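A look at the structure
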Protein chains: 2
Amino acid sequence: MSHYDKLTSHYQTLSHFNHAQAMLGWDAAANMPSGGSEARSNAMAELSVHIHRLSTQPQLEEWFGNAEQESLSTEQKASLREMKRQWQQATMVPEDLVQAQSIAGSKCEHAWRTQRQENDWTGFEKNWKEVVALSREEAKIRGAALGLTPYDAMLDKYEPGTTTASLNTLFTDVKTWLPELIENVLEKQKSESIILPSGTFSTATQKALGLEVMKLLQFDFDRGRLDQSVHPFCGGVPTDVRITTRYDEQDFVQALMGIVHETGHARYEQGLPKAFAGLPVGEARSMGIHESQSLFFEMQIGRSKPFISHLSRLSADAFNAHNDPVFAEDNLYKIYTQVEKGFIRVDADELTYPAHVILRYEIERDLINGVIEHTDVPALWDEKMKAALGISTKDNYKNGCMQDIHWTDGAFGYFPSYTLGAMYAAQYKATLIQNVDFGCDFDMAIQSGDLSPIFQWLSDNIWTQASLHTTDELVKRATGETLNAVHFRKHLEGRYL
Amino acid sequence: MSHYDKLTSHYQTLSHFNHAQAMLGWDAAANMPSGGSEARSNAMAELSVHIHRLSTQPQLEEWFGNAEQESLSTEQKASLREMKRQWQQATMVPEDLVQAQSIAGSKCEHAWRTQRQENDWTGFEKNWKEVVALSREEAKIRGAALGLTPYDAMLDKYEPGTTTASLNTLFTDVKTWLPELIENVLEKQKSESIILPSGTFSTATQKALGLEVMKLLQFDFDRGRLDQSVHPFCGGVPTDVRITTRYDEQDFVQALMGIVHETGHARYEQGLPKAFAGLPVGEARSMGIHESQSLFFEMQIGRSKPFISHLSRLSADAFNAHNDPVFAEDNLYKIYTQVEKGFIRVDADELTYPAHVILRYEIERDLINGVIEHTDVPALWDEKMKAALGISTKDNYKNGCMQDIHWTDGAFGYFPSYTLGAMYAAQYKATLIQNVDFGCDFDMAIQSGDLSPIFQWLSDNIWTQASLHTTDELVKRATGETLNAVHFRKHLEGRYL
Ligand SMILES: [Zn+2]
Ligand SMILES: [Zn+2]
């Protein structure tokens, strides 16, 4: 057996344990009663140890060395590159640091759940200090191994190839036009009247409606499910994708668009190439590309006028409310494109969302690179929120720097993925509407209710490409250029001005 | 670290992988869409390989040898005995035989699913021949290792300590009185009129009713759930027990009593001692003892008059049918104690069920011991069915020897557990109603709606005892004697005559 084949077989074995881990994680969020959590945590920790052991098995180094000498096809070379990337990621950081991070992160995150509610920065800061220190250590070690700055090495975990230099350029550009755009849109929307949903929308009916919308989006129910969890997510495995949502019986609009978003993640997973099942090269390219799919579904398809026309019809049917003005196309469109300055990222609309991300990016970049200290964060947050959205978070930690879970356990480098995803999604849309070969009007396809041509393009250009190419290559092949924020700006101006 | 401690830690590690396997199995039955099955099978097969590897790790032999020299408490000795038992069970049969059995069993079972429907004995026989041959080989190897006859060695897998000699005595006794009892009961029931449920009983309402009944039976919802699957079962882990049922919208009585049955299995699991969590000594004693709990819940509690009074009230409430005579106490009691001679074991009532089991026992015993050949089975089945229930299965394989899944993949030795369970359950009940210390009338406790004294007895005598004692010791401690079929006979005569 060639060393390439040995590696392939090894990573397929690993994928079976990852399958188990993914399902246990989904079940813990969607089904598990509270009494089951201790034994579940132990089982998942044991699986993690085993997965880590397989991921860092000593003979892998020799196998990689030998496999690189073997004569391989282009696809096999890509597969080898991605296996090696995962191996490097797994072996780069010493085990005792990983363990220390896991303990400090769990402690900080657990305490944060009450500290946030109590606006207790002093208590949080004591635990977070350790998390930041360990993440800086991790970033230094990764940076040294990869020849990158500390923060770039953290970015590399989620967005291989993305650098501070490129993000600075992208985000500096956004900052030149976004604040004014927000002001103009707010001014424009001032005069609009919206009728907000109120009253009882039963969970069962909302779920039935969600399933209808998933059908429209061609979710493959033979290879996936919709369930409920406190924090919506897309989990499972490509042959069995488990998406979740959270229902509010007072309002259906958020859960419904949440389902559209998670369906985007799900179709990417369902569309990954079977030929590379279980192998790193067959996995999603990056967090940003994953988000580009969910946000393409949510922002480019989901909040488009023709799609909202479907939502209007389907939701009025579901709630048996054909004469209720809430469900009128125009009104629903206004609801789904309403812009508001707010404290909370997860509640932010499409237009103000990038401001939240850029603020976090600038702070975590400087924090990991040692330019600022963790105690500087609240003041910086307040200052940047005032600059971006004109609102102050002074002494309001719970709605400021303590609002997100990401930093509590050291996931520095993740936030940019959200806005990268939004930008990629806008760029795909621009390509789709310009492409003569596409042979189909984007809005018309949505309006017709048969979105197949759009999904075919995504499948050909993104889903089936998995990790065969670098992110830049992937996007260039799909759109003719690497990431270009002008499409995002045009999209926002087109929709909101 | 002592070798005893090393073994303890090893078996706890093993339990984490078993946790994963149990949950994946439950999910496959309760949630998984069909497209997910191939990857799931692969993941579960990989976990099996890993579990087998851990179960048969070469250094275990030395650890067991050394641990037996260490000074241990009585409970530690029991724990060591049970770890060693599992190790012996895992190492006893050569891996290539296990693999051959797995392949032949899967092939036979898979083909059986259509062959049964088509009454195709000839087709089935061709695959089954191999399954029987491999099981005989397994039985011989186990027998040689344990110093038992081949069939006794198979019994030992499910019912450690139970022998052909003891089963022959028990079942020969039953055969002296059961046929006449059945005739007398049928004669008595002839004149009774029963109103059968008909019409639509929605799945949602049936589930809500099932949950009410589980509450009455003090199922711990903080450590378990009720879901749906094609074949009802009790799965999961002791801290998170997953029971399932199957609903028929034309009739609610079977699903409801099925929930009572599975709740019995579940409470045994939920009641296992935390001090031995993850260790073999902390697991259920045997299949027969497990069934003694489900059948105690189903037959001793569930079909008792005071419990059926609760079911009458709760189901009439649930279906909003207070004046419907179907739900009257007397009528429901008649439904739940109706006796009928039938072909199918899983549809059999409490009274005729043992006849189905004894027939299977006699055939599988002789088949595994080489007294008969697999081609003799249909004729023997016909002959024994005529003797036991006066019905012929000549040429009716689908309702005869091809009806059960058990033999298709070689689970010979399992069937006796069902009737052993029913007998143990009757013996517990006899102890409970005779025991002065119990200080509570059995029927009164049920009638009051607070069944705690009954559950306390089960917890003290069965659940918390797990595998600390042999089955005989367990039953003797609980009831003052080893298994005595007279209690079963008295119970049946008391209820049905
Ligand atoms: Zn997302
Ligand atoms: Zn059972």
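Quick caveat: nothing in here was measured; it's all calculated off a predicted structure.

Structural notes on the overall build of chain A
Along the backbone of chain A there are 20 helices and three strands. Against the 2.2 N^0.38 benchmark of 23 Å for 497 residues, chain A shows a C-alpha radius of gyration of 23 Å, consistent with a compact globule. Summarising its shape, the C-alpha atoms of chain A cover approximately 70 × 55 × 50 Å along the three principal directions. Expressed as a percentage of the 497 residues in chain A, the buried residues total 56%. Residue pairs at least 24 apart in sequence account for 73% of intrachain contacts in chain A once pairs closer than 6 positions are excluded. For chain A, the exposed surface amounts to about 20,800 Å²; the carbon and sulfur share of it is 50%.

Things to note about the coordination of the zinc ion (ligand 2)
All names here are of chain B. At 2.1 to 2.7 Å from the zinc ion (ligand 2) lie its protein donor atoms, namely H261 (NE2), H265 (NE2), E291 (OE) and E291 (OE). Bound by four donor atoms, the zinc ion (ligand 2) shows angles of 49 to 130° at the metal and therefore irregular coordination geometry. When its relative accessible area of 8% is taken as the criterion, E291 is described as buried.

Remarks on the coordination of the zinc ion (ligand 1)
In a perfect tetrahedron of four donors around a metal, the angles come out at 109.5 degrees. In a perfect octahedron of six, they are 90 or 180 degrees. All names here are of chain A. In the first shell of the zinc ion (ligand 1), the protein supplies H261 (NE2), H265 (NE2), E291 (OE) and E291 (OE), at 2.1 to 2.7 Å from the metal. For the zinc ion (ligand 1), the four donor atoms in the first shell make angles of 49 to 129° at the metal, a pattern classed as irregular. Each donor residue of the zinc ion (ligand 1) lies on the same chain, and together they follow the pattern H-x3-H-x25-E. Taken together, the residues span a long stretch of sequence, with H261 in helix α10 (residues 253–270) and E291 in helix α11 (residues 287–302) at a distance of 30 residues. Judged on exposure class, the residue H261 and its partner E291 are both buried.

A closer look at the packing of aromatic side chains
For the structure shown, the criterion picks out 58 aromatic pairs over all chains. Seen in terms of ring centroids, F201 of chain A and F327 of chain A are 6.4 Å apart; in terms of plane orientation they differ by 75°. Their pairing is edge-to-face. Taken as a pair, F201 of chain A in the loop between α8 (164–190) and α9 (203–216) and F327 of chain A in the loop between α12 (305–318) and α13 (329–336) lie far apart in primary sequence, 126 residues in all. A relative accessible area of 6% places F201 of chain A in the buried class. Members of the aromatic cluster, joined through ring pairs, are W121, F124, W128, Y158, Y353, W381, Y397, W407, F412, Y414, F415 and Y418 of chain A. Over the ring of Y333 of chain A we find K305 of chain A; its NZ or CZ atom is 5.0 Å from the centre of that ring. The ring of F455 of chain B has R267 of chain B sitting right over it, with the charged end atom 4.5 Å from the ring centre.

Some points on the relation of the copies chain B and chain A
Mapping chain B onto chain A leaves a residual RMSD of 0.1 Å; the transformation is a rotation of 179° accompanied by 0.0 Å of translation along its axis. Seen this way, the second copy is the image of the first under a two-fold rotation axis. Among all C-alpha atoms of chain B, that of A20 of chain B lies closest to the rotation axis, at 3.3 Å. A share of 100% of interface residues in chain B that are also interface residues in chain A marks the association as one of identical surfaces.

Thoughts on the domain arrangement of chain A
Residues and elements named next belong to chain A. When the domains of chain A are assigned, the result is domain 1 (1–92) and domain 2 (203–336). One C-alpha centre belongs to domain 1, the other to domain 2, and the line joining them spans 29 Å. Roughly 1,400 Å² of surface becomes buried between domain 1 and domain 2 when both sides are summed, with 65% attributable to carbon and sulfur atoms. Among the residues domain 1 hides against domain 2, the three largest losses belong to M23, W26 and E82. Together they make up 38% of the total. Across the contact surface, domain 1 and domain 2 share one salt bridge. Between E82 and R285 there is a salt bridge, and its shortest N-O distance comes to 3.0 Å. Scanning the region where domain 1 abuts domain 2 turns up two residue pairs in polar contact (both at pLDDT 80 or more). Of all the elements in the fold, those that place two or more residues in the side of domain 1 that touches domain 2 are α1 (3–30) and α4 (74–92). Among the elements that line the side of domain 1 that touches domain 2, the one with the most residues is α1, at ten residues.

Remarks on the sheet that holds strand β2 (residues 234–237) of chain A
Residue and element names in this part refer to chain A. Spatially, β1-β3-β2 is the arrangement adopted by the three strands of the open sheet, whose pairing is mixed. Edge positions in the sheet fall to β1 (224–228) and β2, since each has one partner strand and no second. For this sheet, the mean angle separating the axes of adjacent strands, direction not counted, is 20°. Judged from the five bridges that link them, β1 and strand β3 (residues 240–245) form a sheet pairing that is parallel. Bridge pairing links D227 to T244 in β3.

Describing the interface of chain B and chain A
Chain B puts 31 residues into the contact, and the matching count from chain A is 31 residues. Carbon and sulfur atoms make up 58% of the surface buried where chain B meets chain A, a total of about 2,500 Å² over both sides. Contact with chain A buries surface across chain B, with H16, P33 and E46 of chain B losing the most and accounting together for 21% of the total. At the junction of chain B with chain A, the criterion picks out four salt bridges. The partner of R242 of chain B in a salt bridge is D27 of chain A, with the nearest N and O atoms 2.8 Å apart. Our enumeration of links across chain B and chain A arrives at ten residue pairs in polar contact (both at pLDDT 80 or more). Counting only elements with at least two residues in the side of chain B that touches chain A, the list comes to α1 (3–30), α2 (37–55), β1 (224–228) and β3 (240–245) of chain B.

Side note on the sheet that holds β1 of chain B
Within a beta sheet, neighbouring strands are joined by backbone hydrogen bonds and run either parallel or antiparallel to one another. Residues and elements named next belong to chain B. Strand order in this open sheet of three strands is β1-β3-β2, and the pairing throughout is mixed. At either end of the open sheet lies a strand with only one pairing partner, and these are β1 and β2 (234–237). With strand direction ignored, the average angle separating the axes of adjacent strands in the sheet is 20°.

What about the environment of L170 of chain B?
Residues and elements named next belong to chain B. Tracing the chain through its elements places L170 in helix α8 (residues 164–190). Residue classification places L170 among the buried positions, given a relative accessible area of 13%. Once the C-alpha coordinates of L170 and L483 are considered, the two residues, 313 residues apart in sequence, prove to be 8.9 Å apart. Dropping the residues within four chain positions of it, L170 is found in contact with L420, M423, L483 and A485.

Thoughts on the pairing of β3 of chain B
Residues and elements named next belong to chain B. For β3, the tally of buried residues reaches six of six residues, placing the bulk of the element in the interior. Burial along β3 is two-sided: D240, R242 and T244 and V241, I243 and T245, pointing in opposite directions, are all buried. Hairpin connection of β2 to β3: two residues between the antiparallel strands.

Remarks on helix α19 (residues 471–479) of chain B
All names here are of chain B. If you check which residues of α19 are buried, you get T471, L474, V475, A478 and T479. All buried residues of α19 project into a common sector of 100° when viewed along the axis, lining one side. Within α19, the exposed residues directed more than 90 degrees away from the buried face are K476 and R477. On the buried face of α19, the contacting elements are α11 (287–302), α16 (416–434) and α18 (452–461). Phi for G480, located one or two positions after α19, is positive at around 85°.

Considerations on α9 of chain A
Quick reminder: α-helices carry 3.6 residues per turn. Residues three or four places apart thus point the same way. Residue and element names in this part refer to chain A. Along its 14 residues, α9 runs 20 Å from first to last C-alpha, staying within 8% of the 20 Å computed at 1.5 Å per residue. If you check which residues of α9 are buried, you get Q206, L209, G210, V213, M214 and L216. Looking straight down α9, one finds that the buried residues subtend no more than 150° of arc, so they occupy a single side. Opposite its buried face, α9 presents the exposed residues A204 and K215, each directed more than 90 degrees away. Count one or two residues on from α9 and you reach Q218, which has phi positive near 60°.

A look at the side chain of D349 of chain A
All names here are of chain A. Residue position: D349 is located in the loop between α13 and α14 (353–368). R303 is the oppositely charged side chain nearest to the buried, salt-bridge-free D349, at an N-O distance of 8.3 Å. Side-chain polar atoms of D349 contact the backbone nitrogen of L351, separated by 2.9 Å. Discounting chain neighbours no more than four positions away, the residues touching D349 are Q338, V339 and E340.

Looking at unusual backbone geometry
Residue and element names in this part refer to chain B. Even without a glycine there, the phi angle at N119 is positive, about 55°. Examined against the element boundaries, N119 turns out to sit in the loop between α5 (95–117) and α6 (121–146). Among the residues examined, N119 registers a relative accessible area of 25% and is labelled partly exposed. Positive phi, normally seen in glycine, also occurs at N320, with a value near 50°. Within the element layout of this structure, N320 appears in the loop between α12 (305–318) and α13 (329–336).

The rules behind these values
- Residues numbered from 1 in each chain as written.
- Chains lettered and ligands numbered in written order.
- Predicted model: local features only at pLDDT ≥ 70, side-chain atom pairs only at ≥ 80, totals over all residues.
- Heavy atoms only, no water.
- Helix = DSSP H or I, 4+ residues; strand = E, 2+ residues; numbered from the N terminus.
- Rg over C-alpha atoms; globule rule 2.2 N^0.38 Å.
- Buried < 20%, exposed > 50% of the residue type's maximum accessible area, 1.4 Å probe, protein only.
- Contact = heavy atoms within 4.5 Å.
- Areas by Shrake-Rupley, 256 points an atom, 1.4 Å probe, with all protein chains shown as cover.
- Donors = N, O, S within 2.8 Å, 3.2 Å for Na, K, Ca; no water.
- Tetrahedral: all angles 85-135°; square planar, octahedral: opposite > 155°, others 65-115°.
- Phe/Tyr/Trp six-rings, centres within 6.5 Å; stacked < 30°, edge-to-face > 60°.
- Lys NZ or Arg CZ within 6 Å of the ring centre and 35° of its normal.
- Least-squares fit on C-alpha atoms with pLDDT ≥ 70 in both.
- Domains from an automatic or database assignment.
- Buried area = accessible area lost by both parts, 1.4 Å probe.
- Salt bridge = Lys/Arg side-chain N within 4 Å of Asp/Glu carboxyl O.
- Polar contact = N/O pair within 3.5 Å; in protein donor to acceptor, adjacent residues only side chain to side chain.
- Pairing = 2+ DSSP bridges.
- Axes fitted to C-alpha atoms, helices over the stretch in contact; angles between N-to-C directions.
- Arc of directions from axis to C-beta.
- Expected span 1.5 Å × (residues − 1).
- Lys, Arg positive; Asp, Glu negative; His and termini not counted.

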